[in-house]
Amino acid sequence: MKYLRRFLSKWISQLRKDHVEAELGREINAHLALMEEDFLDRGMSTDEARLAARRAYGGVEQAKQLHRDERSILWLERLARDIRFAVRQLRKSPGFALTAVLTLALGIGAVTSVFSVVNTVLLKPFVFRDPDRLVVMREAVDEERGGRTAIPVNYRHFLRLKSTATTIEDAAIFAQLGVSVSPNGDHPQLVGAVVASPNLFHLLGVQPMLGRSFVKADADKGAVEVVLLSYAGWQTLFGADPKAVGQRLRIGGHPVTIIGVMPPEMRFPQIALAQKIAFQETARNAMLFEPLVPSERDLKADMGGFNYKAIARLKPGVTLAQAIGELDALQNSYTISAHLPFPFGIALTPLTRDVASGVSGALWLLFAAVGAVLLIACVNLANLQMARAVNAERETAVRAALGASKTQLVWSRLTESVLLALVGGAAGTGLAFAGVRLLLALVPAAVPRLDEVRVNTPVLLFAAGISVVAAIAFGIMPALKSLRVHPQAALQANSTRTANAQEGRRTRNAMVATQVACTVVLLIVTSLVLRSFSNLMRQNRGFDSSHITVAQVDLFTPQYDVEGAKGSAIRLALADRTLTALGQLPGVQSVAVTSVTPLTGETWVDNLFRPDHPLPAGKEPRINVRWINPDYLPTMDSPLVAGRNITAADRANPHVALISARTAREGFPGENPVGHTIVDLVPDDKLPVTVIGVVADAHINGLKDDASMVYLPYWAYTPLTLSFLVRSSQPSDVLIPEMRRAIWQIDPQLAIPTLESMDDQVRDSVATDRFQAVVLTSFGSSALLLALLGIYGVLAYSVSLRKQEFGIRIALGSGRGALVKMVLLQASYPVLLGAGIGLSMAFGALRWVRSLLYQTPVVDPLAIGGSVVLLLAAAVMAALVPACRAASCNPVRALRME
């Protein structure tokens, strides 16, 4: 209790300092007055009594100071004193203070902006119950070349694993897709939907804010069709009407009943089917949730039907390795007992890591790059602080001679850096809000969870932490230098001789080398990424995207979603009418149809089965099946390399196929594939198809992928998704309204999720690569500029300190060229050392960049050599100005300086 009263008393004294100080003065004066009266009573005169009283009391100011020390919080007062001193010093150097604050504000703002994205996308857990126990489940197959590939989940396999596994608490199976919604009976709009087993939300630990969740009976055949709305879907489709629950909505032409609305924090994660299967753009933000009603094929098929994803919750205490071991063993055992043609395994990935798997490498690289730029900026500020510390050596020596401790000297110098960092950090935090908006405008839409990115409490704490780290980074060396100041030497020697001590030169050279090393790493990484992006855009794609407009049409309505040959015939009739209508538009040169929109990843993946050359189960080449019309190859400008194209005459005998050159190499090694047959490709048709031609390889799934392709005529089987490709002399922005009108004249209830130029599709498909190339280029350029400023600043300062030396050299006959050479030679030591260290660091870091490069070796001589040469050339330019200034020194003026 005594200590608490003392603590409170001290804080009250700090808050009422003037009052306490006045009270102290009155108390001391009262003591003096009493002592004066005592001396007066002893017969002294007034002056003698006053003097005797003061002698007896002792030093008044000393007494006041002892009392102040007793009632004050010493560390707080010292801190306040150091802050006032730092403010006065910075006011004397407004140029330095402004430069430091702006540099830190830009650096900390950039780092904080990038961290806000990294934190949300890569680090922030989902708002589900115990999210660390949630894993994404996929099946896995062994590759012929070694390794395992994750594939989508088979419904029958999922049910068996869920019922027998002991390491998982629960599991839900689902699919994410785009569906057409007609809230007002008008043209349908495409929205994202999740079709899942009814236990999905119980598994995630989420309850609706309105209405009820799914129950098991909702997935029974014949049950009333129901749907849950996401919070965004509730606002978009029903204007946040609380009476939406119970209303009807038409989805894909089916009337369904709304039973609930999910809370606003419930954002369903974007989970890809597999690594090479792109996430559907229309399914990106789920607005609807429907119960999954399995088909007869789903319930009975062990092969095929790999169309789903699954989320599982591990039991408490179960590790990921334990779950994988058990599920893998169960899969292998079932493979043997069910006599499946090849073994299946299980791939489990933590939910947060799986969602960000496609962008984590690029985001961490971006974060490392902006961190390196901030480090270089801090080194520049450290150089400036070192120069200020040298100029303040006499002042430091005086303070040390008067009794200042080493801790006080260090903290006094460090306070200035902390103050600058805090002001710069506050300004940088303000800039981070604008930086986040800029990043969100630049970051590709494929990056998940962008709608959750905010400058929130963790981001603000990070900004504060990075500000303190920055203060230590650029302030600790100048602060520690004050410990090495010898008062007598500093007061006797001039600052120039002190600054030119060997130790001072070593420190400045070390800082320059650090800047150069970081810059070399950034330049090499940037050069490799730019080379990779250039290779990606300049390669032979196998098709010409110019002057092509793409319209994707979804037929998931009761009218077209009919099983068997009847449904295919209905869809074929629609495709024929659409091809005719689009071909009659002005300026159209050709119209093609394909089952998959180009550059949207792998879809309809199958194995190549040759009846004349059977292979062991699981060893057949993997292929991508596409359904096309005869004008597909001319429209895409994809050349044939052997055989012939599909023609209208083949409509009478639809069992023909085209294959890509890669399929020919892998499926028919050393043979001419034309004339050979393939089986098990056309749904509900067991007849073999004959290869009639070989098409040049094309990067049609994605610019980084030349998958093995098999092209079949669309009249053999017409799928539920059709993409019409129109080559026209008209620009796409003119053609798009005409195409939309023509399609809706055929059927106004057709959903058109994609309608854009193919050039835009190409740009969208490489948006992530372009983003990292652009951002890394800006950071690499910033690092190079900062490094040059650092080299220039150090050399310019060094030259200014050595004017006397240069004046003496010129006076003794040294040539100007020799002085320039000497300065450049001295500058070359830290630059070459930093370049060497940077190369070593780059070779160690490049393995992290390998997965981001396309057809670019990590050890690329052109990229690495070019980066080093660029830096050295820029360093020479930065060093030339101080070198020329040294050579132009006036010896008479230099010798009169001191």
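Reading the values: rules and limits
- Residues numbered from 1 in each chain as written.
- Predicted model: local features only at pLDDT ≥ 70, side-chain atom pairs only at ≥ 80, totals over all residues.
- Heavy atoms only, no water.
- Patch = residues over 30% accessible without salt bridge, like charges linked within 9 Å, V, L, I, M, F, W, Y side chains within 5 Å.
- Areas by Shrake-Rupley, 256 points an atom, 1.4 Å probe, with all protein chains shown as cover.
- Salt bridge = Lys/Arg side-chain N within 4 Å of Asp/Glu carboxyl O.
- Helix = DSSP H or I, 4+ residues; strand = E, 2+ residues; numbered from the N terminus.
- Buried < 20%, exposed > 50% of the residue type's maximum accessible area, 1.4 Å probe, protein only.
- Contact = heavy atoms within 4.5 Å.
- Phe/Tyr/Trp six-rings, centres within 6.5 Å; stacked < 30°, edge-to-face > 60°.
- Lys NZ or Arg CZ within 6 Å of the ring centre and 35° of its normal.
- Polar contact = N/O pair within 3.5 Å; in protein donor to acceptor, adjacent residues only side chain to side chain.
- pLDDT = per-residue confidence, 0-100.
- Core = buried A, V, L, I, M, F, W, Y, C linked by side-chain atoms within 4.5 Å.

On the surface, Leu422, Val468 and Ile472 cluster together into a nonpolar patch covering about 250 Å² of accessible area. With respect to the helices and strands, the residue leucine 422 is situated in helix α15 (residues 406-442). Residue classification places leucine 422 among the partly exposed positions, given a relative accessible area of 46%.

Its place among the elements puts valine 206 in the loop between α8 (200-204) and β6 (210-211). Judged by relative accessible area, which is 8%, valine 206 ranks as buried. The sequence separation of valine 206 and arginine 129 amounts to 77 residues, and the corresponding C-alpha distance is 7.6 Å. When residues no more than four places from it in sequence are discounted, the contact partners of valine 206 are Val127, Phe128, Phe201, Met262, Pro263 and Met266.

The next subject is the packing of aromatic side chains. Within this structure, the stated rule accounts for 17 aromatic pairs. A centroid spacing of 6.1 Å and a plane angle of 40° characterise the contact between phenylalanine 115 and phenylalanine 367, whose relative ring orientation is tilted. Of this pair, phenylalanine 115 sits in helix α6 (residues 94-123) while phenylalanine 367 sits in helix α13 (residues 360-391); the two residues are 252 residues apart in sequence, bridging distant segments of the chain. With a relative accessible area of 11%, phenylalanine 115 lands in the buried category. Both rings, one in phenylalanine 174 and one in phenylalanine 268, keep their centres 5.3 Å apart while their planes meet at 85°; by these two values the pair is edge-to-face. With phenylalanine 174 in strand β4 (residues 168-182) and phenylalanine 268 in the loop between β9 (254-261) and β10 (286-291), this pair connects stretches of sequence that are 94 residues apart. The exposure classification of phenylalanine 174 matches that of phenylalanine 268, with both residues buried. A network of ring pairs unites the aromatic residues Phe174, Phe201, Phe214, Phe268 and Phe289 as a single cluster. One Lys or Arg, arginine 160, reaches over the ring of tyrosine 334 and ends 3.8 Å from the middle of that ring.

With respect to the helices and strands, serine 590 occurs in strand β14 (residues 588-594). The class of serine 590 is buried, set by a relative accessible area of 16%. One polar contact links serine 590 to threonine 635, side chain to side chain, over a distance of 2.9 Å. Apart from the residues within four sequence positions on either side, serine 590 is in contact with Thr635, Leu725, Val726 and Arg727.

To continue, consider the pattern of salt bridges. Using the criterion set out here, one finds 23 salt bridges in the structure. As a salt-bridge pair, arginine 267 and aspartate 451 come within 3.0 Å of each other at their nearest N and O atoms. Placement of the pair is arginine 267 in the loop between β9 and β10 and aspartate 451 in the loop between α15 and α16 (457-481), with a sequence separation of 184 residues. Judged by its relative accessible area of 38%, aspartate 451 is partly exposed.

Another point: the confidence of the model for the protein chain. A low pLDDT score tells you not to read the predicted coordinates there in detail. Mean pLDDT over the protein chain works out to 82, with 82% of the residues at or above the 70 mark. Within the model, the stretch residues 495-501 combines pLDDT values under 50 with 14 contacts to residues more than four positions away or in other chains.

Turning next to the side chain of histidine 699. Along the chain, histidine 699 falls in the loop between β20 (689-695) and β21 (709-713). For histidine 699, a relative accessible area of 9% translates into the label buried. Here the side chain of histidine 699 touches glutamine 539 through a polar contact of 3.5 Å, side chain to side chain. Not counting the four nearest positions on each side in its chain, histidine 699 is found in contact with Gln539, Asn540, Arg541, Phe543, Leu599, Lys704, Asp705, Asp706 and Tyr854.

Within the largest apolar cluster, 159 residues are counted, with the highest numbers of intra-cluster contacts made by Leu104, Leu420, Leu582, Tyr632, Ile700 and Leu712. Considering each element in turn, this core owes the most residues, 16 residues, to α13. Ignoring anything within four residues of it in the chain, the contact list for leucine 582 reads Val588, Val591, Phe724, Val726, Met739, Ala742 and Ile743. Leu200, Val206, Phe214 and Phe268 belong to the second largest nonpolar core, which has 26 residues in total.

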